[in-house]
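What follows is each chain in one-letter form.
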Amino acid sequence: MSEYGQVFENVNLKDYTTLKVGGTAKYLVKVFDEESLANLIAYLKNKNIKYYILGNGSNVILDDSYFDGVIIRLDNLNKIAKDGN
């Protein structure tokens, strides 16, 4: 999965929510860009791996239990660019 972004294992999700709640996730991936996001989701679906997309972690309450899947963070997708008209 490292070809899609930065990969972290056994992540405490409390560190990624503004309310500081949540359990542990098996993996957390901070995708590089839009293409990496699309390719990662296709990979996870193909392998039947559970995933959850977590934006900035605000206004969300995550379960305190263990998440045996991948949390996808969108940290690197915070820019808007206009190309042409």
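Residues numbered from 1 in each chain as written. Predicted model: local features only at pLDDT ≥ 70, side-chain atom pairs only at ≥ 80, totals over all residues. Heavy atoms only, no water.

Q: Looking at this structure, I do not really get helix 1 (residues 34-46). What am I missing?
A: Working note: α-helix, 3.6 residues per turn, so residues spaced by three or four point in the same direction. Its 13 residues give helix 1 an end-to-end C-alpha distance of 18 Å, which sits within 8% of 18 Å, the value for a rise of 1.5 Å per residue. Contact partners of the buried residues in helix 1: strand 2 (24-31), strand 3 (51-54) and strand 4 (67-73). Between the side-chain oxygen of the N-cap and the backbone nitrogen of E35 there are 3.3 Å, and the N-cap of helix 1 in question is D33. A positive backbone phi angle near 55 degrees is found at N48, which sits one or two residues after helix 1. (Helix = DSSP H or I, 4+ residues; strand = E, 2+ residues; numbered from the N terminus. Expected span 1.5 Å × (residues − 1). Contact = heavy atoms within 4.5 Å. Polar contact = N/O pair within 3.5 Å; in protein donor to acceptor, adjacent residues only side chain to side chain.)

Q: Before we go on, may I ask you to explain the side chain of T17 in this structure?
A: Mapped onto the elements of the fold, T17 is located in the loop between strand 1 (5-12) and strand 2. Taking the relative accessible area as the measure of exposure, T17 reaches 2% and is therefore buried. A polar contact is formed between the side chain of T17 and the backbone oxygen of V21, at a distance of 3.0 Å. Those residues in contact with T17 that lie beyond four places of it in its chain are G57, V60 and L62. (Buried < 20%, exposed > 50% of the residue type's maximum accessible area, 1.4 Å probe, protein only.)

Q: Whenever I open this one, the environment of Y16 confuses me. Can you help?
A: Assignment of secondary structure puts Y16 in the loop between strand 1 and strand 2. Note on Y16: relative accessible area 18%, which makes it buried. Separated by 33 residues in sequence, Y16 and I49 have C-alpha atoms that sit 21 Å apart. When near neighbours in sequence (up to four residues on either side) are disregarded, Y16 contacts V11, L28, K30, L54, N56, G57 and R73.

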